[in-house]
Each structure stands twice: as structure tokens, then as C-alpha cells.
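As a plain string of letters, each chain reads:
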Amino acid sequence: MEDDTLGRDARIKLSIGTKQPGDADGMFYSPRGLAFDHHRGLLFVADGFNHRVQAFSCDDGSFVSKLGEKSYQPGLNEPWGIAIDHDHDRILITEVASHRVSNWSVCDQSFSSRTGTEGVGALEFLLPQGVAVDKHHQRIMVVDSRNNRVQVLSSIDLSFLCAFGGKQGEQPGEFEYPSDLAIDHDRHRIIVADVFNCRVQVLSLIDGSFLFEFGSYGSGPGQFLYPRGVCIANQGRIIVADCECCRLQAFTHEGHHISSFDCGDELPCGVAFDEHRGLIAFSAGHR
């Protein structure tokens, strides 16, 4: 019998979609990154293999709108990461299949521009995934997964500023296919899910220098089997989507394990925190 641990868990306030893929409004085919729009009370979800982003009400989970379709111009090609940049009225969306970052209007959800192409140089990407807004320094940070680095762009014109990492390896500051990042603005830190190293690295928000890491390969508390998503919750808690272990794990801001949340047989990918409602949203399976 098919397990539906998530469907039975009373702590789940809202569930959107089903365990089976679909392309109707409110359905998903491999949802990935998520982002809360606190100003409008919306949750944006990257609906990966449906090549679109859907928006839902944070109050009742009802479908509100969608943007994109499978197309090189001007649609979306396997969207993965999402970030809301209210200062510039835009939604930033990474497209793994097209190796670029798309810029859409928050107000009317219309297409604005694109940045990046396939490659290994500045403003070139190989499978970009997580994206975040550094509101203190007017910067956009993009996880350039296959290039094992984080590229830093100006939020003014999306020009290249610098890159952190870039060397494949397991030493501090090196990466093995990073997937997602979150910014802890209160502590001026970047939290990076380092997938194939089965760890989370914490870097300085100022210059990207290595501060500390936590996690190791395994299924015990505080260990990971390919962590995919990460977000910052209240009191600086770090929430990690521990994909192959089918769970979320919570850590203190110092990286000490607090608790785990069982996702049954579904693989969590993206995770986001709504600071106004105290909600954690995560994508797992097709919901």
C-alpha cells in the first residue's frame, strides 16, 4: 500500500497538489523552489517539469495565478529557484535547463529580462538552482550548481560582481554540486546546501569566506543524504530539506540539531519560511 505520511500528519496546515503529477492549475510535476511574497500573502512555487511558476494564497492554499510556459523565449525552461526582490518589483527565477536567471514583474507577473548563458565564466551558468536577495548590500546570489560556486550579481542591473567557491572538492569553501542557499541577514551569513558532500556550509555574507560547516553522510540526526533545500526560520534556525532521507531537519544558528520532520516516502526539495505567519512550506513529491 502506498505510504502517505504527509497526508496523515495533523501538523500540515495546507497541502497543494497530489502525489501524482498533473498540469492543471494547482497541480504540479516535480515542484522545486518556493518563495513567500509577504506583501501580497502569496506563495510562489517553481513547477519544474510543467515549466511554470504558480502562485497560491497563504491563507487557504487556493490557486491565484501562474506565469510562464515551456519556451526558450520568453517562457520558462525547468524553473528551479525563486526569490522575491520587492525593492525592484521583480521575481527572480533560475532555469536549470537554459542555464540562466529570468526576471519577471511582481505586480503583473509579466516577463522583463534574462541574465546568463551556458558556460563557466562570469554571468555564465551550469544548472543554476537556488537564488536569494542580499537586501543589505543590494546583491543577488545564485547557486551555480555544476560550476560549484555562488555567483554574486548587482541587484541594480544584474551585472556580475564576484563569485564564491568555484573549486570542486570537500575542503572548507569547496563544493560538490551545491543546490540551494539562504541568507541569514541578522548574522550576516550565507547558508549553502552542499549536496554531494552531504553537509551545509556557512559563509560570510561580506566576502564569502568559510565560517563553519555541519552535517555528514548518513541518516542519523544531524546527518544528510543529499540536502537539497535550505531556509532561515525564526531565531535564526536553519531548516534543511534532507532529500534522500525524506525529512526536514531543523538546526540552531550554530548548526546544532534540534528536530526532524518525517516526509514519509516523498523526497523534499525546496523549503521556505513565512515569517509573518510562522509557516514552513516545502515541496515534496508532486505537492
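Worth saying up front: this structure is predicted, and the values here are computed from it rather than measured.

Caption draft 1: Here's a closer look at the overall build of the protein chain. On a plain count of helices and strands, the protein chain comes out with one helix and 24 strands. Here the protein chain has a C-alpha radius of gyration of 17 Å; the compact-globule value for 287 residues is 19 Å, and the two agree. Its C-alpha atoms give the protein chain principal-axis dimensions of roughly 45 × 45 × 30 Å. Burial status across the protein chain gives 58% buried among its 287 residues. By element, 48% of the accessible surface of the protein chain is carried by carbon and sulfur atoms, the whole surface being about 11800 Å². Charged side chains of the protein chain number 25 positive and 39 negative; the gap between the two group centres comes to 1 Å.

Caption draft 2: Main features of the environment of Q73. Following the sequence through the fold, Q73 ends up in the loop between strand 4 (63–67) and strand 5 (79–85). Taking the C-alpha atoms as reference points, Q73 and R114, 41 residues apart in sequence, are found 9.6 Å from one another. Setting aside anything within four residues of it in sequence, one finds Q73 in contact with R100 and R114.

Caption draft 3: Structural context of the pairing of strand 5. Burial runs high along strand 5: seven of the seven residues are buried. One ladder, built from five bridges, connects strand 5 with strand 6 (residues 90–95); its direction is antiparallel. Counterpart to A83 in the pairing with strand 6 is L92. Hairpin geometry of strand 5 and strand 6 is characterised by an intervening segment of four residues between the two adjacent antiparallel strands and by a positive phi of about 50 degrees at D89.

Caption draft 4: Inspection of the sheet that holds strand 14 (residues 160–165) at higher detail. Strand order in this open sheet of four strands is 11-12-13-14, and the pairing throughout is antiparallel. One side of each edge strand has no neighbouring strand; the edge strands of this open sheet are strand 11 (128–134) and strand 14. The mean angle between the axes of side-by-side strands here comes to 20 degrees, regardless of whether they run parallel or antiparallel. Relative to strand 12 (residues 139–144), strand 11 runs antiparallel, the two being bridged by five bridges. Pairing of V133 across the sheet is with I140, part of strand 12.

Caption draft 5: Geometry of the nonpolar core. Counting 14 residues, the largest nonpolar core has F44, V53, L67, I82, I84, I91 and I93 as the members making the most contacts within it. Among the elements of the structure, strand 2 (42–47), strand 3 (52–57), strand 5 and strand 6 are those that each provide at least two residues to this core. What I84 contacts, discounting residues up to four positions off in sequence, is A35, F36, F44, R90, I91, V106 and V133.

Caption draft 6: Layout of the packing of aromatic side chains. For the structure on display, the rule yields ten aromatic pairs. For the ring pair W104 and F111, a centre distance of 5.4 Å and an interplane angle of 75 degrees mean the geometry is edge-to-face. Each residue in the set F28, F56 and F63 is aromatic and connected to the rest through ring pairs, giving one cluster. Over the face of the ring belonging to F49 we find R32, whose NZ or CZ atom lies 4.6 Å from the ring centre.

Caption draft 7: Looking closely at the environment of V120. Positionally, V120 belongs in the loop between strand 9 (117–118) and strand 10 (124–125). Distance from V120 to I190, taken between C-alpha atoms, is 22 Å for residues 70 residues apart in sequence. Apart from residues lying up to four places away in sequence, V120 is in contact with L126, N147 and R149.

Caption draft 8: Looking closely at the pairing of strand 24 (residues 279–284). Where strand 23 (residues 268–274) and strand 24 come together, five bridges link them in antiparallel fashion. From the neighbouring strand, F273 faces strand 24, where its bridge partner is I280. Between strand 23 and the antiparallel strand that follows it, strand 24, lie four residues; G278 among them carries a positive phi value of about 70 degrees.

Caption draft 9: Molecular detail of unusual backbone geometry. Positive phi, close to 50 degrees, is recorded for Q138, a residue that is not glycine. Inspection of the secondary structure assignment puts Q138 in the loop between strand 11 and strand 12. Even without being glycine, Y177 reaches a positive phi, approximately 65 degrees. Mapping Y177 onto the fold places it in the loop between strand 14 and strand 15 (178–184).

Caption draft 10: Geometry of the sheet that holds strand 22 (residues 257–262). Strand order in the open sheet made by the four strands is 19-20-21-22, with antiparallel pairing throughout. Because the sheet does not close on itself, it has two edges, and the strands there are strand 19 (227–232) and strand 22. Shown here is a sheet whose adjacent strand axes are inclined to one another by a mean of 20 degrees, direction ignored. As defined by bridge partners, strand 19 adjoins strand 20 (residues 238–242) across five bridges and the pair is classed as antiparallel. Opposite G229, over in strand 20, you have A241 as the bridge partner.

Cut-offs and rules
- Residues numbered from 1 in each chain as written.
- Predicted model: local features only at pLDDT ≥ 70, side-chain atom pairs only at ≥ 80, totals over all residues.
- Heavy atoms only, no water.
- Helix = DSSP H or I, 4+ residues; strand = E, 2+ residues; numbered from the N terminus.
- Rg over C-alpha atoms; globule rule 2.2 N^0.38 Å.
- Buried < 20%, exposed > 50% of the residue type's maximum accessible area, 1.4 Å probe, protein only.
- Areas by Shrake-Rupley, 256 points an atom, 1.4 Å probe, with all protein chains shown as cover.
- Lys, Arg positive; Asp, Glu negative; His and termini not counted.
- Charge placed at Lys NZ, Arg CZ, Asp CG, Glu CD.
- Contact = heavy atoms within 4.5 Å.
- Pairing = 2+ DSSP bridges.
- Axes fitted to C-alpha atoms, helices over the stretch in contact; angles between N-to-C directions.
- Core = buried A, V, L, I, M, F, W, Y, C linked by side-chain atoms within 4.5 Å.
- Phe/Tyr/Trp six-rings, centres within 6.5 Å; stacked < 30°, edge-to-face > 60°.
- Lys NZ or Arg CZ within 6 Å of the ring centre and 35° of its normal.

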